[in-house]
Amino acid sequence: MDIEGFRRAGYAAVDAVCDYYTNLSKKTVRAQVLPGYLIDQLPREAPKTDEDFALVQSDFESLILPGITNWQHGKFMAYFPGISTFESMIADLYATSVSNPGFNWVCSPACTELEQVMMDWMAKLFGLGKMFHIESGKGGGVILNSASEAVLTAAVAARETALRYLATTEPGSTLSGDGFDIPDDIRAKYSSKLVMYGSTHTHSLGQKAALIFGLTFRAVPVSTADKYALRGDALQEVIDQDIKDGLIPFFVIATVGTTSTGTVDRIDEIGAVLAEYNTISLHIDAAWAGVALALEDQRGYLRLADINRYATSFCTNMHKWGLVALDCTLFFVRNRKVLNLALDATPAYLRYKEAETGAVIDYRNWQLALGRRFRSIKVWFVMRSYGVKGFQDHLRVGIDHCQQLSKLIIASPSFELVTAPSLALLTFRLGGAAIPADTLPAERNLLNTLLNVRLNARYDVFLTQTLLPSTDEEDVFCIRVALGGRRTTMRDVEEVWAVVVEEGEEVLREWTKTSGAAWA
Ligand SMILES: Cc1ncc(COP(=O)(O)O)c(C=O)c1O
C-alpha cells in the first residue's frame with residue numbers, strides 16, 4: 001500500500017468506524033453466532049497472491065462485526081465497562097504510525113518521557129502520595145498491558161525484596177544493604193517456601209500469579225457481615241499458621257473494588273498486620289475502581305489514605321472505566337529501586353550513554369517484557385480532551401446510574417439487592433416478597449441460576465453472574481450489573497431492568513406452577 005492508498009483506506013476505515021457507532025444502539029449487545037462461525041468462513045491458508053485491500057476492509061464488516069460483542073453498546077453491563085473513546089482510537093493510530101518497541105529511552109525519547117509525565121499526571125489526579133510520583137525520584141509509574149501483568153511484576157519485585165532481606169539475616173551473613181546479587185543457596189533454600197495471599201474474592205489473577213510462580217496462593221475467607229472485605233485478623237491467622245509451618249509470607253494482594261461486588265478490602269488493618277514483617281509487600285489491585293480516586297468524595301471509601309500509608313504498589317486500569325481503549329494499566333510503585341533490582345538484565349547491546357549516567361528511565365527494567373507499546377499517547381489524548389472535570393463527570397454518571405438502578409431494585413417486589421452499589425457496580429437476585437422467607441439458600445441460588453440462563457439467552461442485554469463465597473452463610477449466586485459505559489444512558493438502564501423483570505417473572509411463574517416442590 002502506498003501513501004495515497006493508505007489515505008483512501010484510512011478515510012474508508014474512519015467512515016466505517018463512524019457508521020458502526022452511528023448504528024450501534026440498533027445492534028444487539030451480544031454476538032448472535034455459534035462457535036466456529038468465523039472459522040468456517042475463512043480459508044485455511046494465507047492467500048497465495050495479494051488481494052484488493054478494499055475487499056479486506058469490507059470483510060471486516062461482513063465477517064468480523066457479526067462476531068463482535070458490542071462492549072461499547074449502552075446496554076452492555078457485563079464484566080466491567082471496557083471503554084474505547086475516539087480520542088484513544090486516534091491516539092492508537094498515531095502510536096502505531098511511529099511504531100517502535102520503546103524499551104528504553106533512546107528507542108524513542110518521546111515514548112519514555114510522555115509516559116513519565118502521564119504517570120505523574122494520573123498519580124496526582126488519583127491523590128497518590130508523592131513517593132508514587134516519578135518526580136519524587138523514589139517511586140513512580142509505568143504503563144503495563146493488564147492488571148494481571150501488574151501483579152506478576154509486583155510479585156517478582158516482592159520475591160526479590162524478601163530473598164534479599166533473608167540473605168542479610170541469614171546466620172553468619174555479611175551481606176547488607178541491597179547492592180548485592182542474591183546468593184544461589186539463599187534462592188534455593190527459600191524460594192519454594194514463599195506464599196502469596198489474597199481473599200476468596202480476589203480476582204483470579206492472584207491464583208494465576210501463584211500458578212506461574214509455582215507457589216501457593218492462600219485465599220483468606222471473608223464474611224457477608226464484613227461485606228466480603230478482607231480483614232486484618234483473618235489474614236493474620238493464616239500468616240501465623242504458615243510461619244508456624246516454616247513457610248515465608250512475601251506478597252499480599254488487597255483489592256480496592258473486587259470483581260464480584262466492588263468491595264474495598266480493609267487496607268488499614270491489612271497494612272497494620274504487614275507492618276510487623278520485613279518480607280511482605282502489599283500490592284493494591286484497583287483494576288476497575290481505582291480511576292474513581294479522581295473523585296475526591298470517593299477517596300475515603302476507597303481508602304486512599306491507607307493506600308498511601310501502606311501500599312508497596314498500586315494498579316488501576318484506564319482501559320476499564322477510564323476512557324482509554326485497551327490496553328492501558330497504570331502501575332505505581334513506592335520504590336522504583338525494587339523494580340530495577342528485580343528486573344534489570346542489561347546486555348552490552350542495550351547499553352547507551354544516557355542510561356549509563358542515570359540521566360533517564362529505561363522502562364524495560366520496570367516490566368517483564370523488553371518491548372512495549374506507546375500507550376501513554378492514549379492517556380495524553382484522552383486527558384487533554386476531557387480534562388479533569390470531564391473525566392470526573394464521566395465517572396459520576398456511572399455512579400448515579402447505579403444509585404438509580406438500586407432504587408428500582410429496592411422498589412421491586414420480586415428482586416433484592418445482594419450488595420448495595422459500590423461506585424457503579426451492584427449485585428441483585430430474585431428475592432424480596434416474591435420468595436418465602438423459609439426458602440432454602442440452595443433453592444434461591446437455583447432460581448437465580450435459572451434467571452441467569454434466561455438472561456444469557458437474550459442478545460439485547462449482557463449481564464454476568466457471580467458467586468459470593470462467605471464464612472457466615474451459604475455462597476450466594478447473584479447477577480452483577482457493571483455500569484459506567486460511555487454510551488449508557490438512564491434509559492438503557494431502565495430498559496435492561498425491564499428485561500430482567502420480564503425474565504425474572506417468567507422464572508417465578510414456572511416456580512409457582514411447580515409449587516416449589518421440584519426444587520426441594
Ligand atoms: C479487581 C480486578 N482485578 C483484575 C482484573 C483483571 O484485569 P486485567 O484483565 O487487566 O488483568 C479485573 C477485571 O477483569 C478486576 O475486576
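Calculation criteria
- Residues numbered from 1 in each chain as written.
- Predicted model: local features only at pLDDT ≥ 70, side-chain atom pairs only at ≥ 80, totals over all residues.
- Heavy atoms only, no water.
- UniProt positions renumbered as here; feature names shortened; annotations may be inferred.
- Helix = DSSP H or I, 4+ residues; strand = E, 2+ residues; numbered from the N terminus.
- Buried < 20%, exposed > 50% of the residue type's maximum accessible area, 1.4 Å probe, protein only.
- Contact = heavy atoms within 4.5 Å.
- Near = heavy atom within 4 Å.
- Polar contact = N/O pair within 3.5 Å; in protein donor to acceptor, adjacent residues only side chain to side chain.
- Areas by Shrake-Rupley, 256 points an atom, 1.4 Å probe, with all protein chains shown as cover.
- Nonpolar A, V, L, I, M, F, W, Y, C, P; charged D, E, K, R; others polar.
- Phe/Tyr/Trp six-rings, centres within 6.5 Å; stacked < 30°, edge-to-face > 60°.
- Domains from an automatic or database assignment.
- Buried area = accessible area lost by both parts, 1.4 Å probe.
- Salt bridge = Lys/Arg side-chain N within 4 Å of Asp/Glu carboxyl O.
- Pairing = 2+ DSSP bridges.
- Axes fitted to C-alpha atoms, helices over the stretch in contact; angles between N-to-C directions.

S.K.: Explain the UniProt feature "modified residue: N6-(pyridoxal phosphate)lysine" (unreviewed entry) in the protein chain here, please?
M.R.: Residues given the UniProt feature "modified residue: N6-(pyridoxal phosphate)lysine" (unreviewed entry) here are Lys320. Checked against the element boundaries, Lys320 lands in the loop between strand 6 (313-317) and strand 7 (329-333). What makes Lys320 buried here is its relative accessible area of 12%. Non-local contacts of Lys320, meaning those with residues more than four positions away in its chain, are made with Phe80, Pro81, Gly82, Ile83, Ala287 and Trp288.

S.K.: I tried to follow the site of the ligand on my own but got confused; where do I start?
M.R.: Around the ligand, a shell composed of 14 residues is seen, among which Ala147, Ser148, Thr259, Asp285 and Asn317 lie nearest. The contact in question runs from an oxygen atom of the ligand to an N or O atom on the backbone of Ala147, over 2.7 Å. A distance of 2.9 Å separates an oxygen atom of the ligand from a polar side-chain atom of Thr259. Burial of the ligand by the protein amounts to 87% of the accessible area it has alone, namely 400 Å². Class assignment for the residues of the shell around the ligand results in four nonpolar, eight polar and two charged.

S.K.: Explain the packing of aromatic side chains here, please?
M.R.: Two numbers describe a pair of aromatic rings. These are the distance of the centres and the angle of the planes. The tally for this structure, following the rule as stated, stands at 16 aromatic pairs. Aromatic pair Phe428 and Trp497: ring centres 5.4 Å apart, planes at 80°, arrangement edge-to-face. Note that Phe428 is positioned in strand 9 (residues 425-430) and Trp497 in helix 15 (residues 490-513), a separation of 69 residues in sequence. Looking at Phe428, the relative accessible area reads 0%, which means it is buried. Residue classification places Trp497 among the buried positions, given a relative accessible area of 8%.

S.K.: Is there a simple way to explain the environment of Thr279 in this structure?
M.R.: Here Thr279 is to be found in the loop between helix 9 (267-274) and strand 5 (281-285). Here Thr279 falls in the buried class, since its relative accessible area comes to 11%. Sequence-wise, Thr279 and Phe251 are 28 residues apart; in three dimensions their C-alpha atoms are separated by 8.1 Å. Dropping the residues within four chain positions of it, Thr279 is found in contact with Ala162, Tyr165, Leu166, Ile248, Pro249 and Phe250. A polar contact is formed between the side chain of Thr279 and the backbone oxygen of Pro249, at a distance of 2.9 Å.

S.K.: Help me understand the domain arrangement of the protein chain in this model?
M.R.: How big an interface is tends to be reported as the loss of accessible area on association of its parts. Here the protein chain is described as being made up of domain 1 (3-68), domain 2 (139-172 + 179-346) and domain 3 (385-519). For domain 2 and domain 3, the distance between their C-alpha centroids amounts to 31 Å. Contacts between the two partners involve 28 residues from domain 2 and, on the opposite side, 24 residues from domain 3. Across the interface of domain 2 and domain 3, roughly 2,200 Å² is buried in total on both sides, 66% from carbon and sulfur atoms. Three residues stand out in domain 2 for area buried against domain 3, namely Leu295, Trp321 and Leu323, and they jointly supply 31% of the buried area on that side. If you look at where domain 2 meets domain 3, you find zero salt bridges. Our count for the contact surface shared by domain 2 and domain 3 stands at 11 residue pairs in polar contact (both at pLDDT 80 or more). When the residues that make up the side of domain 2 that touches domain 3 are grouped by side-chain class, the tally is 15 nonpolar, 12 polar and one charged.

S.K.: Honestly, the sheet that holds strand 8 (residues 415-422) in this entry has me stumped. Any pointers?
M.R.: Think of a sheet as strands paired side by side through backbone hydrogen bonds, with each pair either parallel or antiparallel. Spatially, the four strands line up as an open sheet ordered 8-9-11-10, and their pairing is antiparallel. The two strands at the open ends of the sheet, each matched to only one other strand, are strand 8 and strand 10 (464-468). Averaged over all pairs of adjacent strands, the angle between strand axes in this sheet comes to 35°, irrespective of strand direction. The pairing of strand 9 with strand 11 (residues 476-482) spans four bridges and is classified as antiparallel. For Thr427, the partnering residue across the bridge sits in strand 11 and is Arg480. Across the face of the sheet, helix 13 (residues 376-411) comes into contact with strand 8, strand 9 and strand 11 while running at roughly 160° to strand 8. Helix 15 contacts strand 8 and strand 9 of the sheet and is inclined by roughly 25° relative to strand 9.

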